[in-house]
Amino acid sequence: MAKGKPVIEFKDVSFAYAAASDRPYAIEDINLTIYEGEYVALLGLNGAGKTSLQLCINGVIPNSIMGEFSGEFLVYGQDTETASVRELAKLVGMVFDNPEFQLSQMSVAEEIALGMENLGFSFEEMNRIIPEVLEIVGLSGLEERSPFALSGGQQQRLSIASALAMRPKILVMDEPTSNVDPIGKEEIFAVAAKLNKEENMTIIMAEHEVEVMAAYADRVIVMDQGKILLNGTPKEVFSESDLIQKLGLRTPQVTELAAKLHKKGSRKYSKGYPVTLDEAAASLR
Ligand SMILES: Nc1ncnc2c1ncn2[C@@H]1O[C@H](COP(=O)(O)OP(=O)(O)OP(=O)(O)O)[C@@H](O)[C@H]1O
Ligand SMILES: [Mg+2]
């Protein structure tokens, strides 16, 4: 894959929350560069530091959360410590795990308008952009619907639409499907993949669904105890199946099977394990 320019750069970043915590640093010695148009999946157990890393990207850390920040962090070359909230909102959109907590308005249109009002978008711009972003997430025509009358998957796609209305270049999603039924999950992954492929949007998604990440992500980053342990293509990362299992994480089922066959003496997988069903099927032909 041809890499775009670097858009996210962590240089020796560590952060410790001021509030008491179970270890000194939530994230520690993070060195990471993410390129424009990449789809990056973040994996890690509870408390590994996924959310803290993502909150650096939209500047909430260190600007709105008390703590001790060291190192340098740049998004599109800008230091988030000095960039304005308005500038950052135009670069980075954020979607959290629980859609209901992100919703507050009486209608879908008002929900999307809220963030745009804060950024000073004109009435004309809002009227143009709202139907556009609803179409992208597959919610066309639902402007007047109450957000609370939507399914979990639709609510989460509304959260994505609200983030997209600010026209961000990077979309950060923190376990966006964890409170959504299986159909809703698929819809959200499909929207994220479409934004990545068609709009070249950079996506950083914390997720537990390793099968889905193997299918969509360009890169998988495994975190443990605030540090980055693995960082590579899904094939590179999931081939470290022993380490991943030791951490208490899963690899895709097909990878697990291939690893077991490999240990039993199969020589089919000497060049690395398949990570998707299609790859596994191809290796059997
Ligand atoms: N607001 C906070 N105040 C104090 N400590 C925090 C706060 N938020 C997170 N931590 C601590 O920071 C570390 C990293 O947590 P973080 O929430 O970034 O992990 P995570 O990988 O997102 O976990 P999860 O899968 O549970 O969402 C943990 O030790 C956690 O206890
Ligand atoms: Mg988290």
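Check the entry above for the structure.
Report on the accompanying structure. (Residues numbered from 1 in each chain as written. Chains lettered and ligands numbered in written order. Predicted model: local features only at pLDDT ≥ 70, side-chain atom pairs only at ≥ 80, totals over all residues. Heavy atoms only, no water.)

## Digging into unusual backbone geometry
Consideration 1: Residue I61 is joined to P62 through a cis peptide bond whose omega torsion reads 10 degrees.
Consideration 2: Relative to the helices and strands, P62 resides in helix 2 (residues 60-63).
Consideration 3: Look at Y76: it is not a glycine, yet its phi comes out positive at around 50 degrees.
Consideration 4: Structurally, Y76 can be placed in the loop between strand 4 (67-75) and strand 5 (78-79).
Consideration 5: Positioned with a positive phi, N200 is a non-glycine residue whose angle comes to about 55 degrees.
Consideration 6: Note that N200 resides in the loop between helix 8 (182-199) and strand 8 (202-206).
Consideration 7: Residue classification places N200 among the partly exposed residues on the basis of a relative accessible area of 42%. (Helix = DSSP H or I, 4+ residues; strand = E, 2+ residues; numbered from the N terminus. Buried < 20%, exposed > 50% of the residue type's maximum accessible area, 1.4 Å probe, protein only.)

## Digging into the sheet that holds strand 1 (residues 6-17)
Consideration 1: Spatially, 4 strands are ordered 2-1-4-5 in an open sheet, and the strand pairing comes out antiparallel. The sheet terminates laterally at strand 2 (27-35) and strand 5, the two strands that pair on one side only.
Consideration 2: Alignment of strand 1 against strand 2, held across 6 bridges, turns out to be antiparallel. Within the sheet, the bridge partner assigned to P6 lies in strand 2 and is Y35. (Pairing = 2+ DSSP bridges.)

## Digging into the site of ligand 1
Consideration 1: The full set close to ligand 1 counts 16 residues, and D22, G47, K50, T51 and S52 are the nearest of them.
Consideration 2: In this structure, an oxygen atom belonging to ligand 1 sits 2.9 Å away from a main-chain N or O atom of G49.
Consideration 3: In this structure, an oxygen atom belonging to ligand 1 sits 2.8 Å away from a side-chain N or O atom of K50.
Consideration 4: Relative to its free-state accessible area of 630 Å², ligand 1 is covered by the protein chains to the extent of 72%.
Consideration 5: Applying the majority rule of atoms within 2 Å of the grid points places ligand 1 in the second largest pocket. (Near = heavy atom within 4 Å. Polar contact = N/O pair within 3.5 Å; in protein donor to acceptor, adjacent residues only side chain to side chain. Areas by Shrake-Rupley, 256 points an atom, 1.4 Å probe, with all protein chains shown as cover. 1 Å grid on protein atoms, 1.4 Å probe; cavity = no way out; pocket = protein on both sides within 12 Å on 5 of 7 lines; lining within 4 Å. Sits in = over half its atoms within 2 Å of the grid points.)

## Re the pairing of strand 7 (residues 170-174)
Consideration 1: Of all the 5 residues making up strand 7, 5 are buried; the element is thus mostly covered by neighbouring parts of the structure.
Consideration 2: Alternating residues of strand 7 divide into I170, V172 and D174 and L171 and M173, and every residue in both groups is buried.
Consideration 3: When strand 7 meets strand 8, the two strands line up parallel, connected through 5 bridges. When the sheet's bridge partners are listed, M173 is paired in strand 8 with M205.
Consideration 4: In this view, the connection linking strand 7 to its parallel neighbour strand 8 by way of helix 8 has right-handed handedness. (Right-handed = clockwise from strand over helix to strand, strands pointing away.)

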